[in-house]
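# Structural description and commentary
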Amino acid sequence: MADNKSKRGKSDRSKVSGSEQYEIQYFKNKMGVSSQAVVGAIRATGSNERKVLEDYLKKRHGK
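About the thresholds
Residues numbered from 1 in each chain as written. Predicted model: local features only at pLDDT ≥ 70, side-chain atom pairs only at ≥ 80, totals over all residues. Heavy atoms only, no water. Helix = DSSP H or I, 4+ residues; strand = E, 2+ residues; numbered from the N terminus. Buried < 20%, exposed > 50% of the residue type's maximum accessible area, 1.4 Å probe, protein only. Contact = heavy atoms within 4.5 Å. Areas by Shrake-Rupley, 256 points an atom, 1.4 Å probe, with all protein chains shown as cover. Expected span 1.5 Å × (residues − 1). Arc of directions from axis to C-beta. Core = buried A, V, L, I, M, F, W, Y, C linked by side-chain atoms within 4.5 Å. Axes fitted to C-alpha atoms, helices over the stretch in contact; angles between N-to-C directions. Parallel < 35°, antiparallel > 145°, perpendicular 65-115°, else oblique. Left-handed = near helix turned anticlockwise from the far one by under 90°. Nonpolar A, V, L, I, M, F, W, Y, C, P; charged D, E, K, R; others polar.

### Focus: the overall build of the chain
Helix and strand counts for the chain come out as four helices and zero strands. The N-to-C order of helical and strand elements in the chain reads α-α-α-α. Taking all 63 residues of the chain together, 30% fall into the buried category. Across the chain, every contact between residues at least 6 apart in sequence was considered, and the portion connecting residues at least 24 apart equals 41%. Accessible surface, the chain: about 4500 Å² in total, of which carbon and sulfur atoms supply 50%.

Right, dumping it as structure tokens:
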């Protein structure tokens, strides 16, 4: 699903869109992992919630 840039509320900030490269880039830099790790985390968890992805990547990569 495409990211609606006109909606800038909390719900949009709490998610990482796997189809938006700039969101993946920001999140990978924040977590200190590769783009593949971020996309893999989205697939593995079945979620695009930032908190879920952060927890998964911390457990997986020890960061």
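Next comes the rest of the description.
### Concerning helix α4 (residues 50-61)
Here α4 spans 16 Å end to end across twelve residues, near enough to the 16 Å set by a 1.5 Å rise per residue. Among all positions of α4, only Arg50, Leu53, Glu54 and Leu57 are buried. In a view along the axis of α4, the buried residues occupy a sector of 100 degrees, so they form one face of it. Looking at α4, the residues exposed on the side facing more than 90 degrees away from the buried face are Lys51 and Lys59. A positive backbone phi angle near 65 degrees is found at Gly62, which sits one or two residues after α4.

### Some words on the nonpolar core
With eleven residues, the main nonpolar core is built from Val16, Ile24, Phe27, Met31, Val33, Ala37, Val38, Ala41, Ile42, Leu53 and Leu57. Those elements that provide at least two residues to this core are α2 (21-31), α3 (35-45) and α4. In terms of residue count, α3 provides more of this core than any other element does, four residues in total. Dropping the residues within four chain positions of it, Ala41 is found in contact with Gly46, Leu53, Tyr56 and Leu57.

### Some points on the packing of α3 against α4
Viewed as axis vectors pointing N to C, α3 and α4 meet at an angle of 110 degrees, and their least axial separation amounts to 10 Å. One finds that α3 runs roughly perpendicular with respect to α4. The hand of the α3/α4 crossing is right-handed. Between α3, through Ala37, Ala41, Ile42, Ala44 and Thr45, and α4, the contact on the second element is made entirely by Val52, Leu53, Tyr56, Leu57 and His61. For the contact of α3 with α4, the class distribution of residues is eight nonpolar, two polar and no charged.

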